[in-house]
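Next come the chains, spelled out residue by residue.
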Number of protein chains: 4
Amino acid sequence: MARNMSVVDLNSDMGEGFGQWRMGDDHAMLDIVSSANLACGFHAGDPIIMSDLAELAKARGVGIGAHPSFMDLWGFGRRQIKGDSMADIEKMFAYQIGALQGCAAMAGHRVHHVKAHGAIANMAAVDRELALAMARAVKAVDRALIYVALPGTELERTAEEVGLKVAREYYADRTYDDTGNLTPRKQPGAVIHDAEEAASRVLRMVEEGGVRSTSGKLVPVAIDTICVHGDNPAAVAMARTVRQRLEAAGIAIRPMAETLA
Amino acid sequence: MARNMSVVDLNSDMGEGFGQWRMGDDHAMLDIVSSANLACGFHAGDPIIMSDLAELAKARGVGIGAHPSFMDLWGFGRRQIKGDSMADIEKMFAYQIGALQGCAAMAGHRVHHVKAHGAIANMAAVDRELALAMARAVKAVDRALIYVALPGTELERTAEEVGLKVAREYYADRTYDDTGNLTPRKQPGAVIHDAEEAASRVLRMVEEGGVRSTSGKLVPVAIDTICVHGDNPAAVAMARTVRQRLEAAGIAIRPMAETLA
Amino acid sequence: MARNMSVVDLNSDMGEGFGQWRMGDDHAMLDIVSSANLACGFHAGDPIIMSDLAELAKARGVGIGAHPSFMDLWGFGRRQIKGDSMADIEKMFAYQIGALQGCAAMAGHRVHHVKAHGAIANMAAVDRELALAMARAVKAVDRALIYVALPGTELERTAEEVGLKVAREYYADRTYDDTGNLTPRKQPGAVIHDAEEAASRVLRMVEEGGVRSTSGKLVPVAIDTICVHGDNPAAVAMARTVRQRLEAAGIAIRPMAETLA
Amino acid sequence: MARNMSVVDLNSDMGEGFGQWRMGDDHAMLDIVSSANLACGFHAGDPIIMSDLAELAKARGVGIGAHPSFMDLWGFGRRQIKGDSMADIEKMFAYQIGALQGCAAMAGHRVHHVKAHGAIANMAAVDRELALAMARAVKAVDRALIYVALPGTELERTAEEVGLKVAREYYADRTYDDTGNLTPRKQPGAVIHDAEEAASRVLRMVEEGGVRSTSGKLVPVAIDTICVHGDNPAAVAMARTVRQRLEAAGIAIRPMAETLA
C-alpha cells in the first residue's frame, strides 16, 4: 500500500567542475537539496571543490555522498570504458569514496551515501557483475554508507544482496510506466521541462507514496530520495520550485541519512 | 644520552607506478621494510596499485602510510609548483590521505602514517606556512596518524606544534654533519653507494642511538625510522643488506606504528 | 614618430575549455577579433575544441595562433612550475604548436602565430633563458610563425634575436607609463573596467600610433595587435565596444598575419 | 604470384613511457628497426620522449610515424571507450599526428607514417565508420602519410578508399591461416615465443613473398612492413635475431617511406 510521506530527501549531483571550470550553480543548489552527490575527481571534482562543498554542506545541514565514476575527465564519465576487471572497479570506487571522506574530514563533515555517476551507473544498471563490484567496494569502505539506486535495476538488487542500506531514487523530471520503471528517454514526453509540472508530480508522488504512471495508474513505491538537477539555470529553477511546493505542502526536506535511519 | 635500540623501523617509498608503468621492485621491498609509503595518485600511484600493495602489506605485517604530493604525474612530483594557497594544499593532502584510506579499507588494512613526497616535502622543510598546512591536513583527517619528518626541519617543528606524533627519519645512504643534519647532496661523499657501508652505518646508528657525523662525532638522536630505497636494483640490494645486518645483530624490524606506540 | 594606422589586429585567448567545460563565449568573440589564440591542451583546450574553433575561425576570416602553456590542466597554467630544463620547455612548445597545426589542417586552416599563456609567459618576460627556449621552439616548428610579445620584455627581445617576426601587443583594458610599459596591476587604475573608456583609449592609441601614458604623454610605439578578453560577459561587451568604435572610425580589423606581412 | 624481396621494413611501437616511466628499451630498438611508431601523449608518450626519439631516429636513419590512440593514459589505450562521435575521433587523431609533427620538426625529422594503437585499432579493424574517421584524419593532416594497416581489415580497406598509401603489416611473432589472416590469439601456437623460429619465419616470408599458413600453404601477400616488439628483454632479443637473420641473408632493412616510395 502507498505510504503517505511527510518528509523526503532531495538530492543533486554537484561539484562537477575541475580546477578553474565550473558546471552548474552549486551554491544555489545547496539551498535547495538535502543531499549532495559530490564528484570525486575522476569525471569531475578536485580536492578544493570537494572540500569547499563539504564545508558548505555541513554548515547548511546538507548530507554529502560520493559520486564515483570512470576515470574520464575528458569524457565527463559519460563514455563507456571496457576492459577493467571487476577487482579494478572495486578499487576505483574505494579510492574515490575514501578521497571524499578525507575532504569531508577536513570540513568536519561525514560521507553518508554513494551514488554512481554516468556511464558506469548506466552500465551497472543492467550488468550484475559490475553492479556487485561497485556495491562490494562501498560496503568495504564503510558498511554504514547508504547506496542510492534506481529501483528495479542491478544497482538496487546487488546493493541489497551485499547488505547495504538502499535509497530508492525517483526523478523530478522523468515519467514512469505502469511497472514503476522510467519511460525511455527517447519516448516523447519522457523528460519534463516545465518546472511547475515537475513540482506537481513530485508533490503528488510524495503525498500518494507512489508514482503515477503515464497511463495514470498509481504505482506504490518506496520513494527515498528525489533527484533534481543543477547544471543549468532552468534546472536550478525547477529544483527550487520543487522544494517550494513541497515545503508549502508541509513536506519536510531532510537528508537521506536522517529519513532512512 | 644516546639510547641503545633493539628495534627499528625501515621505510621506503612504494607504489610509484601508474597504469601499466612501474617504478622499482615493490614486491621485493615488501619483504625488506616494515613501513611502506604509498603514492596516492598525484605524482604516481593509482587505485589498483594502492589497493594491491595495501593488501600485500597487510599480509606481511608491513605498515602503510600515505605519500602525498603535488598533482604532477608528468613531473613525478619533483617540480616545484607555486600558486596554490595554503588552504588548497590542505585539501590536496586530505584528498590523497583519504584516497589511500579507502583503498586500505578494501584491503582490510589501515593507514598509519604520512610522509610527504618530493618537491612539496623539500619546499615545506624550509617553509613554515606550507609545512603547517600539510600538518594541519594530516591531523584533520586522522589525528592518530604518525608524521614522518626530517629532523630539524619545519616538517618536524610544525608537526609537533599541531600535536602530531612525529617519526624522525634518517637515511641509510646519506651522511650527517656534527649538528645531526644531512650533509648537502652536492658535497662529495654525501651519498653512500656501497651496500655494506650503508648497512654498517645503519647498524651503528641503531646500536649507538645516534648518528656518527662525517667528523666521527656521535650525535645522539631519536631514530624512529630509517629510509631505504627500492627504485632500482642496486637500491633494493642495499636495502636488503641493511635489513640482513640489522637482523643478524638481533635488531627487530617493526612498523613505526608499533615502535612509536 | 607616431604612425597613423588605418588597420589593426584584435586578439583574444579562446578555446580555454576542456571536455564538457567551457570558459567564456568563444562564438561571440569570433565575431569580434581578427586573431584567436587557441589553448593547445596543456592548460585548457582539447582536440575537439581546437578543431571546431579552427573551422569557425577559418569561415570568418579569423587568424589562429597557438596559446601554449605549462602542462597544468588543474591550475589552468597559472601556477609557476619549476624544474623543467630549457630543452624540455622547447619540446613542450613544439608539441603544442604541432597539435594545433594538426587540428588546423583538419579544418583547412593554418596556424599563423603563437602567444604564450599564463605563468610561463610571465616567467619568460623576465627570464632570458626561458624566453629563448620558447622562441627557439616556435622557430624550429615553423619559422614563418608570428610571435606575439609584450614589448620591452625578454619575450620580445629573444624573439627578435632568433629571427621571428614579432607582433607587439597592447591591452585594451590596461594603462601604460611614460616608458610605454604596463603600469603594475596593483596600482589603482591600472585595469580599466569601463567599456567605453577602454574603447576610447584603443581608438586613440591606433589613431595616434602610440600609447598615452597615465601622465598624458604620447609614447610612440608599434601597435601590432590589441588584446581583448572574452572570459566573462563584461569582457565580451568591452571587446565588442572596442571593435565597434574602431570600425566606426574607419579602422579596419585584420588578422596580424595580414597586417604584419 | 609471390614477389621475391630484397628489402623490407621492420617497425616497432616506441616511446611508450610517460614522464619518469619507461616501457621497453627504445634505444636498443632504434638499432634494430627501420620504422618507429611513436606514442603521441594519449596512451603514452610526452613531448620530451617524442622529441628525443625523433632526434635519435633521425640520426640513425630510422623513419618515424605517429601511434595515435584513445586518450587513456591510465589504461594505456587498451580499453575500449565508447561514446565519441566519428567527428571527435578525427580530431583526436589530427591532434596527435600534429603533435608528433611538431616534435619531429624540432628534431629535424619528418613524420612519414601513422599506425593506430591498441583498442581503437582493434575496434576499427571491424568497424568501418570508425576506420573511415581515422583514415580521413590522416589524410587531412598530410595526404602523403603512409598508413600501416593489418591486411584484410577495415583499416586497410578504408585507407585505400580515401586514397592513402597503405603499408600492409605482418607480425614476426604470429601465425597466419590459409586466407592470410592472423590465427586468433587464443588458438594454441598463435603466438611465437622462440626468437629463432620467429626469425626463420620472417626470413622465409620475405624470401617467398608471402606467408606460410599453419597448414603449410604459401599465401602470396604484399609484405610492406614487419612488426617486432620491444616492450620486454625477450622481445628485444627476438627483434634483434630477426634483423640479424634478414641481414645475413642479404635482405636490406629500410624505412617504409623508402620501400613504398
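In what follows, the structure referred to is the one given above.
So, here's what we can say about the structure. (Residues numbered from 1 in each chain as written. Chains lettered and ligands numbered in written order. Predicted model: local features only at pLDDT ≥ 70, side-chain atom pairs only at ≥ 80, totals over all residues. Heavy atoms only, no water.)

## Some thoughts on the overall build of chain A
Helix and strand content of chain A: nine helices and eleven strands. Rg of the C-alpha trace for chain A: 17 Å, near the compact-globule value of 18 Å for 261 residues, within the 12% margin. Along the three orthogonal principal directions, the C-alpha set of chain A runs to about 45 × 35 × 35 Å. In chain A, which comprises 261 residues, the share counted as buried stands at 62%. Once local pairs closer than 6 in sequence are excluded, the contacts in chain A between residues at least 24 apart make up 71%. With the model as given, the accessible surface of chain A reaches about 9,500 Å², and the carbon-plus-sulfur share is 49%. Side-chain charges of chain A comprise 28 positive and 33 negative groups, with the mean position of each set lying 3 Å from the other. (Helix = DSSP H or I, 4+ residues; strand = E, 2+ residues; numbered from the N terminus. Rg over C-alpha atoms; globule rule 2.2 N^0.38 Å. Buried < 20%, exposed > 50% of the residue type's maximum accessible area, 1.4 Å probe, protein only. Contact = heavy atoms within 4.5 Å. Areas by Shrake-Rupley, 256 points an atom, 1.4 Å probe, with all protein chains shown as cover. Lys, Arg positive; Asp, Glu negative; His and termini not counted. Charge placed at Lys NZ, Arg CZ, Asp CG, Glu CD.)

## Here's the deal with the environment of Q80 of chain A
In this fold, Q80 of chain A is placed in strand β4 (residues 80-82). The class for Q80 of chain A is partly exposed, based on a relative accessible area of 30%. The residues contacting Q80 of chain A, other than those within four sequence positions of it, are F70, A119 and M123 of chain A together with Q80, I81 and K82 of chain D.

## Structural notes on the relation of the copies chain A and chain B
Each copy of the sequence occupies a distinct position, and chain A is placed on chain B by a rotation of 180° and an axial shift of 0.0 Å, giving an RMSD of 0.0 Å. On this basis, the relationship between the two copies can be described by a two-fold rotation axis. Across chain A, the rotation axis passes nearest the C-alpha of A99 of chain A, at a separation of 2.0 Å. The residues that chain A uses at the interface reappear at the interface of chain B in 100% of cases, marking a shared surface. (Least-squares fit on C-alpha atoms with pLDDT ≥ 70 in both.)

## Thoughts on the interface of chain A and chain B
Taken together, the contact between chain A and chain B spans 24 residues of the former and 24 residues of the latter. Between chain A and chain B, the buried area comes to about 2,000 Å², and carbon and sulfur atoms account for 76% of it. Three residues, K91, Y95 and M106 of chain A, lead the burial of chain A against chain B; their summed loss comes to 36% of the area buried on that side. The tally of links from chain A across to chain B stands at two salt bridges. (Buried area = accessible area lost by both parts, 1.4 Å probe. Salt bridge = Lys/Arg side-chain N within 4 Å of Asp/Glu carboxyl O.)

## Overview of the interface of chain C and chain A
Listed as interface residues are 17 residues of chain C and, on the opposing side, 17 residues of chain A. Interface area for chain C against chain A, summed over the two sides, is near 1,400 Å², with a carbon-plus-sulfur share of 75%. It is Q20, W21 and W74 of chain C that lose the most area in chain C upon contact with chain A, and together they represent 59% of the buried surface on that side. Looking at the side of chain C that touches chain A residue by residue, the classes come out as nine nonpolar, four polar and four charged. (Nonpolar A, V, L, I, M, F, W, Y, C, P; charged D, E, K, R; others polar.)

## A short note on the packing of helix α2 (residues 47-60) of chain C against helix α3 (residues 86-106) of chain D
Where α2 of chain C contacts α3 of chain D, the axes come no closer than 8 Å and their chain directions differ by 95°. Our classification of the angle between α2 of chain C and α3 of chain D gives roughly perpendicular. Contacts between α2 of chain C and α3 of chain D involve P47, I48, M50, S51 and D52 of chain C from the first element and D88, K91, M92 and Y95 of chain D from the second. Of the residues in the contact of α2 of chain C with α3 of chain D, the class split is five nonpolar, one polar and three charged. (Axes fitted to C-alpha atoms, helices over the stretch in contact; angles between N-to-C directions. Parallel < 35°, antiparallel > 145°, perpendicular 65-115°, else oblique.)

## A look at the relation of the copies chain C and chain A
For the pair chain C and chain A, the superposition axis carries a translation of 0.0 Å, the fit reaches an RMSD of 0.0 Å, and the rotation angle comes to 180°. When the interface residues of chain C are mapped onto chain A, 100% of them again fall at the interface, so both copies present the same face.

## Remarks on the pattern of salt bridges
Per the stated rule, a full pass over the model turns up 72 salt bridges over all chains. The partner of K115 of chain A in a salt bridge is E169 of chain A, with the nearest N and O atoms 2.5 Å apart. Of this pair, K115 of chain A sits in the loop between β5 (111-114) and α4 (118-125) while E169 of chain A sits in strand β7 (residues 165-171), placing them 54 residues apart in sequence. The burial state of K115 of chain A is the same as that of E169 of chain A; both residues are buried. Close ionic contact of R136 of chain B with E90 of chain B constitutes a salt bridge, the shortest N to O distance being 3.1 Å. On the criterion of sequence distance, the pair formed by R136 of chain B in helix α5 (residues 128-141) and E90 of chain B in helix α3 (residues 86-106) is long-range, its members being 46 residues apart. The exposure class assigned to R136 of chain B is partly exposed, which follows from its relative accessible area of 32%. In this structure E90 of chain B comes out as buried when scored by relative accessible area, which is 14%.

## What to know about the pairing of strand β2 (residues 35-39) of chain D
Residues and elements named next belong to chain D. Among the five residues that make up β2, five are buried, leaving the element largely enclosed by the rest of the structure. The pairing of strand β1 (residues 7-14) with β2 spans four bridges and is classified as parallel. When the bridges of β2 are listed, S12 appears paired with A36. As defined by bridge partners, β2 adjoins strand β3 (residues 63-67) across five bridges and the pair is classed as parallel. In the strand pairing of β3, S35 is matched with G63. Handedness of the crossover joining β2 and β3 through helix α2 (residues 47-60) is recorded here as right-handed. (Pairing = 2+ DSSP bridges. Right-handed = clockwise from strand over helix to strand, strands pointing away.)

## Structural notes on the packing of aromatic side chains
Evaluated as defined, the whole model comprises 20 aromatic pairs over all chains. Note on F42 of chain C and Y95 of chain C: the rings are 5.5 Å apart at their centroids and 45° apart in plane angle, and the pair reads as tilted. Remark: Y95 of chain C occurs in helix α3 (residues 86-106) and F42 of chain C occurs in the loop between β2 (35-39) and α2; sequence separation between them is 53 residues. Given the relative accessible area of 4%, Y95 of chain C is considered buried. With centroids separated by 5.3 Å and ring planes inclined at 55°, the aromatic side chains of Y170 of chain D and Y176 of chain D adopt a geometry described as tilted. The burial state of Y170 of chain D is the same as that of Y176 of chain D; both residues are buried. (Phe/Tyr/Trp six-rings, centres within 6.5 Å; stacked < 30°, edge-to-face > 60°.)

## Brief notes about the state of the cysteines
Residues and elements named next belong to chain A. A full pass over the atoms with the stated rule returns zero disulfides over all chains. For C40, which is in no disulfide, the shortest distance to another cysteine sulfur is to C103 and amounts to 8.5 Å. Judged by relative accessible area, which is 0%, C40 ranks as buried. (Disulfide = S-S within 2.5 Å.)

## A look at the environment of R204 of chain D
Residue and element names in this part refer to chain D. Tracing the chain through its elements places R204 in helix α7 (residues 195-208). It is 12 Å that separates the C-alpha atoms of R204 and I223, two residues lying 19 residues apart in sequence. Dropping the residues within four chain positions of it, R204 is found in contact with G209 and R212.

This is a description of form; function is not addressed.
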